[in-house]
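# Reading the structure
Listed here are the chains, written in short residue letters.
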Amino acid sequence: MKERVVGKRLINVFLMLFITVVAVGIIGYSRMVWLDQMLAIFVVSIVFFVLFLFVLEHHRAKRTISNNYETDFRKVLKGYLIASIAAVACSFLPEFLRPVIVIPLCMIVYSNQGIALSVGIFWNAILALTVGLHVQELVLYCLMTLFGAMLAEAMEYGRILWYNLIIFCLSVMMPGLFYYLTYQEVRTSLFLIGAIEGAVICGFITLFFKNLVDERDAEVSTLLDDMIDNSFFMVHELSRFSKKDYNHARRVSELAAKCAEVVGADKKICRAAGFYYRIGIIDGEPIRESGIRIAQEQCFPEEVIRIISEYNDEENPPSTVESAIIHMVDGVIKKMEVLDQTTMSSEWNQDMVIYQTLNEFSAKGLYDKAGISMNMFLKIREYLVKEGDLL
């Protein structure tokens, strides 16, 4: 399957660019930065964003964003918006007391460490250019960003209490220490305010961090559930296009999920991919290519897109158990739909169609590379026979 320019992804990228320009503009305007300097800062921001886009695409290709190659960057956009708001808020706070550590924390729960660190360093640079940070203050914020990214990734694996303690200690100690390096005097209020900021950050981590990380990691699973709900855009489109094809998709979806349960395959994949197995019918022939295009435009999970690409074994035979199950169920239901209701009214006739259709598929060797054993094949066949009325 060739890579396509996907509209959903492009929209989210442009929204992140818009957020960048607006946030930089707000910070610059609030600090009364001269127009010529602001133009130069905007150019720097655009350069960063181009590189940031390359980083996003690199991590998407490596499946390190929610373990999903086909992600639409929607969650990254959400994290980027929160991080940008945090950066704008930091620009209004006193020196040495800007909690920039929240920027990588906000980003990492929606992306990964590399992306979070790059965004954090960028906003530190913007603060330095617009607010006019001391060198020591810039070093402080870069270190806090680095610590935040390191600790946030570690927190994903538990022991949040200990990492909270580290973040709290850093929030208390670091501002006062770097203030002393700058002015050679101790300012006790910094330690108190740092303790308050640290407590707020730790509270956020305790209450929300783990849940947000779990939500990020469940992106594909959540999407598999959402994309077969009646409120989902493409479900509505298929229903409006043809009630007959919609009903066919529902039957394949539910039967494939039940067959998956019988043999221990992925039920969610079978339910979603079964529904969209011949979604290409909306755009017409060739159904396989049309289906792949629609699925990629909608940023379906890659496993679903791969099964759609194996539609009706036109180009490639089923390569996984889930794909083989959907191929079997779709083939049987299509055969029954071709025959009239009178012919299918007999249970004996229906059983014969199931046996004949699936035995023909097996004899052709269509499932040789799917990893489906003969025992699994027989269980699926017997389940379809016992299911009764498939129409």
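That block above? That's the structure.
Criteria and thresholds
- Residues numbered from 1 in each chain as written.
- Predicted model: local features only at pLDDT ≥ 70, side-chain atom pairs only at ≥ 80, totals over all residues.
- Heavy atoms only, no water.
- 1 Å grid on protein atoms, 1.4 Å probe; cavity = no way out; pocket = protein on both sides within 12 Å on 5 of 7 lines; lining within 4 Å.
- Points joined across faces, edges and corners; volume = space filled by probe spheres on them.
- Helix = DSSP H or I, 4+ residues; strand = E, 2+ residues; numbered from the N terminus.
- Axes fitted to C-alpha atoms, helices over the stretch in contact; angles between N-to-C directions.
- Parallel < 35°, antiparallel > 145°, perpendicular 65-115°, else oblique.
- Contact = heavy atoms within 4.5 Å.
- Nonpolar A, V, L, I, M, F, W, Y, C, P; charged D, E, K, R; others polar.
- Core = buried A, V, L, I, M, F, W, Y, C linked by side-chain atoms within 4.5 Å.
- Buried < 20%, exposed > 50% of the residue type's maximum accessible area, 1.4 Å probe, protein only.
- Lys, Arg positive; Asp, Glu negative; His and termini not counted.
- Salt bridge = Lys/Arg side-chain N within 4 Å of Asp/Glu carboxyl O.
- Phe/Tyr/Trp six-rings, centres within 6.5 Å; stacked < 30°, edge-to-face > 60°.
- Lys NZ or Arg CZ within 6 Å of the ring centre and 35° of its normal.

Quick look at empty space enclosed by the protein now. According to the stated counting rule, one finds 3 cavities of 30 Å³ or more in the structure shown. Of the voids in this model, the largest cavity is the one considered here, and its volume is about 110 Å³. If you go around the largest cavity, you meet 13 residues; those closest to its centre are Arg 98, Pro 99, Met 144, Pro 175 and Glu 197. Looking at the lining of the largest cavity, the elements with two or more residues in it are helix 6 (135-155), helix 7 (160-183) and helix 8 (188-217).

It is the contact of helix 1 (residues 7-30) with helix 3 (residues 74-91), at a shortest axis distance of 10 Å, that shows an interaxial angle of 0°. Taken together, helix 1 and helix 3 sit at an angle that is classed as roughly parallel. Within the contact between the two elements, helix 1 uses Asn 12, Leu 15, Met 16, Ile 19, Thr 20, Ala 23, Ile 26 and Ile 27 and helix 3 uses Arg 74, Val 76, Leu 77, Tyr 80, Leu 81, Ser 84, Ala 87, Val 88 and Ser 91. Class assignment for the residues of the contact of helix 1 with helix 3 results in 12 nonpolar, 4 polar and 1 charged.

The biggest cluster of nonpolar side chains holds 63 residues, and the ones touching the most others in it are Met 16, Phe 52, Tyr 80, Ile 103, Val 119, Trp 123 and Phe 209. Put simply, the parts of the chain that give this core at least two residues each are helix 1, helix 2 (35-61), helix 3, helix 4 (102-108), helix 5 (113-131), helix 6, helix 7 and helix 8. Contact partners of Tyr 80, with chain neighbours within four places excluded, come to Met 16, Ile 19, Thr 20, Phe 48, Phe 49, Phe 52, Met 107, Val 119, Phe 122 and Trp 123.

Topologically, Glu 322 is positioned in helix 15 (residues 321-338). It turns out Glu 322 is buried and unbridged, and the closest side chain with the opposite charge, Arg 306, is 5.5 Å from it. In contact with Glu 322, not counting residues within four places along its chain, are Ala 265, Asp 266, Ile 269, Cys 270, Glu 303 and Ile 307.

A few words now on the packing of aromatic side chains. Both the distance between ring centres and the angle between the ring planes are used here to describe each pair of aromatic rings. The full count for this structure, using the stated rule, is 16 aromatic pairs. Pairing Phe 48 with Phe 52 gives two aromatic rings, centres 5.5 Å apart and planes at 15°, and the pair type is stacked. Of this pair, Phe 48 and Phe 52 are both found in helix 2, 4 residues apart, which corresponds to roughly one turn of the helix. Looking at Phe 52, the relative accessible area reads 2%, which means it is buried. Through a chain of ring-to-ring contacts, three or more aromatic side chains come together here, namely Phe 48, Phe 49, Phe 52, Tyr 80, Phe 122 and Trp 123. Lying over the aromatic face of Tyr 69, Arg 60 brings its terminal NZ or CZ to 4.8 Å of the ring centre.

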